[in-house]
Amino acid sequence: MKFVHIADMHFDSPFTKLGRIEGLADIRRLEQRKAFKKVIEYISENNIEFLFISGDLYENDYVRQSTIEYINNLFKTIPNTKIYIAPGNHDPYLINSYYMKYNWNKNVHIFNYKLEKIEMDEIDIYGYGFSSFYSEGINLNNINLNEEKDNILIMHADLDASKESGELYNPVSTKDLLKFDYIALGHIHKPKYDNKIVYPGSTISFGFDELGEHGFISGEINNKKINIEFIPIDEREFVEINFDISEINSKEELIENLQELKINKNNLYKINLIGKRNFEINLIEIN
């Protein structure tokens, strides 16, 4: 069984961390759509049977109906793919949310705030969605799995988080997840996976706290055997560079040295000047 696993698209995010750069938030929203469309095209071209979306597909407080229609129209282009969505803390399963009031395409299944089991011939899929912007978590200990099947869990969760925090995002422990054969998680924006418990990360980066490649997981599971591959899809990376200025003695020399850096013009860079400063630096002029 072939699947794609994504999380944390955050459609219609205000991109507040990028607000200081004029027009960049709008550019990233367009790139967000482009990335999602490429995921759908990958699914179509590779005959992927399942799409798992582990929460935060959109921003509840900002999302427009036109964006929901854009998403759903893309879902219609892959009618043979079963799509399972587990709402997260940014897109919870609320009474007036688009998860409840919108007429989604028939290949889309949205999990609500009760742990649900979808039974098929060779796999059982379990899913859980947030019912508010916080979740105290669910009890997974009482689930009796059919060991003759592949068992998949889809949810938005904070792995091994402390339950003493006042703001809980469905804290779960690793030991409670190990009974499943594949755990499709969301919430952490940096890819993190060990072939079984998987955060694909946000499909595109939202700022300099999310460095490196971003994309999705393409996988296959058959009789408990799992193969997964991380596929980068965000065409723009956020890159941070530490640049030592200890041996530089003027603004002009600094600019010359910075111009010699190997820069990919498609990426966004944060350059930290480190070391002993030997001259006055006007950052506005250097920009």
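The rules we used
- Residues numbered from 1 in each chain as written.
- Predicted model: local features only at pLDDT ≥ 70, side-chain atom pairs only at ≥ 80, totals over all residues.
- Heavy atoms only, no water.
- Salt bridge = Lys/Arg side-chain N within 4 Å of Asp/Glu carboxyl O.
- Helix = DSSP H or I, 4+ residues; strand = E, 2+ residues; numbered from the N terminus.
- Buried < 20%, exposed > 50% of the residue type's maximum accessible area, 1.4 Å probe, protein only.
- Expected span 1.5 Å × (residues − 1).
- Core = buried A, V, L, I, M, F, W, Y, C linked by side-chain atoms within 4.5 Å.
- Contact = heavy atoms within 4.5 Å.
- Pairing = 2+ DSSP bridges.
- Axes fitted to C-alpha atoms, helices over the stretch in contact; angles between N-to-C directions.

Novice: Explain the pattern of salt bridges residue by residue, including any values.
Specialist: Applying the stated criterion to the full structure yields 13 salt bridges. Here Asp12 ties to Arg64 by a salt bridge, and the two come within 3.0 Å at their closest N and O atoms. Separated by 52 residues along the polypeptide, Asp12 in the loop between β1 (2-6) and α1 (24-45) and Arg64 in the loop between β2 (50-53) and α2 (65-76) bring together distant segments of the chain. According to the relative accessible area criterion, Asp12 is buried, its value standing at 8%.

Novice: For α1, give the residues involved together with the corresponding values.
Specialist: In this model α1 runs 31 Å from its N-terminal to its C-terminal C-alpha over 22 residues, within 8% of the 32 Å that 1.5 Å per residue would give. Remark: Asn47 follows α1 within two positions and exhibits a positive phi of approximately 50°.

Novice: Residues and numbers for the nonpolar core, please.
Specialist: In terms of nonpolar packing, the biggest core is built from 41 residues, with Phe36, Leu57 and Phe75 touching the most fellow members. Among the secondary structure elements, those contributing two or more residues to this core are β1, α1, β2, α2, β3 (82-85), α3 (98-101) and β4 (108-110). Take this core: its biggest share by element is eight residues, from α1. Setting aside its immediate chain neighbours within four residues, Phe36 contacts Ile6, Met9, Phe11, Leu57, Ile71, Leu74 and Phe75. Formed by 20 residues, the second largest nonpolar core is a distinct cluster that contains Met120, Ile154, Val198 and Ile217.

Novice: Go over the sheet that holds β4 with me, naming the residues and quoting the values.
Specialist: Within a sheet, each strand pairs with its neighbour through backbone hydrogen bonds, oriented either parallel or antiparallel. Reading across the sheet, the six strands line up as β4-β3-β2-β1-β13-β14 and stay open at both edges, with mixed pairing between neighbours. Edge positions in the sheet fall to β4 and β14 (225-232), since each has one partner strand and no second. The sheet shows a mean angle of 20° between the axes of neighbouring strands, taken without regard to direction. Across four bridges, β2 lies against β3 in parallel orientation. When the bridges of β3 are listed, Phe52 appears paired with Tyr84. Across the sheet, α1 touches β1, β2, β13 (215-222) and β14, and the angle it forms with β1 is around 170°.

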